[in-house]
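Each chain, letter by letter, is given below.
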Amino acid sequence: MNFLDESNNGAQWLYDFGDLTFDNIENPSHTYSSIGTYTVMQQVTTSFGCVDTAYRTIEVAGVFTIYIPNAFTPNNDGKNDKFLAYGEGISDFKINIFNRWGQPVFESTEMNKGWNGEVNDKAATEDVYYYVAKVTDIFNKEHTINGRVTVVY
């Protein structure tokens with residue numbers, strides 16, 4: 001969060017960010033460590049000793065992002081060996097992966113449990129597979145993401 005002082009004739013500043021942290025520069029930046037509602041206090045003092053205080057309530061709502069790659073290389077070289085989705089602000093997750101004939105090859109409800117490229121305990125063929133990911137974000141909004149992933153050896 002960036003704060004911009006619009007007072008006149010300020011000589012000293014004090015900001016209380018509402019999360020037990022403070023700053024005394026004119027235009028501070030502050031990063032909140034968690035979502036929530038905060039009351040920010042700005043106190044400005046002129047060179048003549050006049051003091052004015054302003055309060056503003058802000059809401060830090062969080063973010064939702066998701067990234068699902070379009071290829072991976074399950075060849076056990078330690079690089080891109082699993083097909084994993086990555087994201088922030090996700091409260092619920094499910095992914096299903098299908099072969100080109102629509103047969104299921106992988107399913108998971110855990111983002112950190114990716115597909116290792118095996119089908120029935122055997123290496124999947126180098127091909128394009130189809131996935132459907134159902135995601136609920138921290139705002140309780142549901143998203144369905146369809147895409148393709150290519151297995152490359």
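Anything mentioned here points back to the structure above.
Quantities reported herein were computed from a predicted structural model and do not represent experimental measurements.

## Side note on the environment of Thr46
Structurally, the position occupied by Thr46 is in strand 3 (residues 36–46). Sequence spacing of Thr46 and Trp13 is 33 residues, and the spatial spacing of their C-alpha atoms is 9.1 Å. Thr46 has contacts with Asn8, Asn9 and Ala11, leaving out every residue within four places of it along the chain.

## Side note on the environment of Lys82
With respect to the helices and strands, Lys82 occurs in the loop between strand 6 (71–72) and strand 7 (86–88). On the basis of relative accessibility, which here comes to 42%, the residue Lys82 falls in the partly exposed class. Through-space distance from the C-alpha of Lys82 to that of Glu26 is 48 Å; in sequence the pair is 56 residues apart.

## Topic: the pairing of strand 4 (residues 51–60)
Relative to strand 4, strand 3 runs antiparallel, the two being bridged by 10 bridges. Bridging across to strand 4, Gln43 finds its partner in Thr53. Between the antiparallel neighbours strand 3 and strand 4 lie four residues, among them Gly49 with a positive phi of about 90 degrees.

## Some thoughts on unusual backbone geometry
A positive phi is found at Asn9, a non-glycine position, where the angle reads about 65 degrees. Mapped onto the fold, Asn9 is located in the segment before strand 1 (10–16). According to the relative accessible area criterion, Asn9 is exposed, its value standing at 64%. The phi dihedral of Asn120 is positive, around 55 degrees, even though this residue is not glycine.

## A word on the pattern of salt bridges
For the structure on display, the rule yields one salt bridge. With its nearest N and O atoms 2.5 Å apart, the salt bridge here joins Arg100 to Asp127. Here Asp127 lies in the loop between strand 11 (122–123) and strand 12 (128–137) and Arg100 lies in the loop between strand 8 (90–98) and strand 9 (104–108), a separation of 27 residues in the sequence.

Conventions adopted
Residues numbered from 1 in each chain as written. Predicted model: local features only at pLDDT ≥ 70, side-chain atom pairs only at ≥ 80, totals over all residues. Heavy atoms only, no water. Helix = DSSP H or I, 4+ residues; strand = E, 2+ residues; numbered from the N terminus. Contact = heavy atoms within 4.5 Å. Buried < 20%, exposed > 50% of the residue type's maximum accessible area, 1.4 Å probe, protein only. Pairing = 2+ DSSP bridges. Salt bridge = Lys/Arg side-chain N within 4 Å of Asp/Glu carboxyl O.

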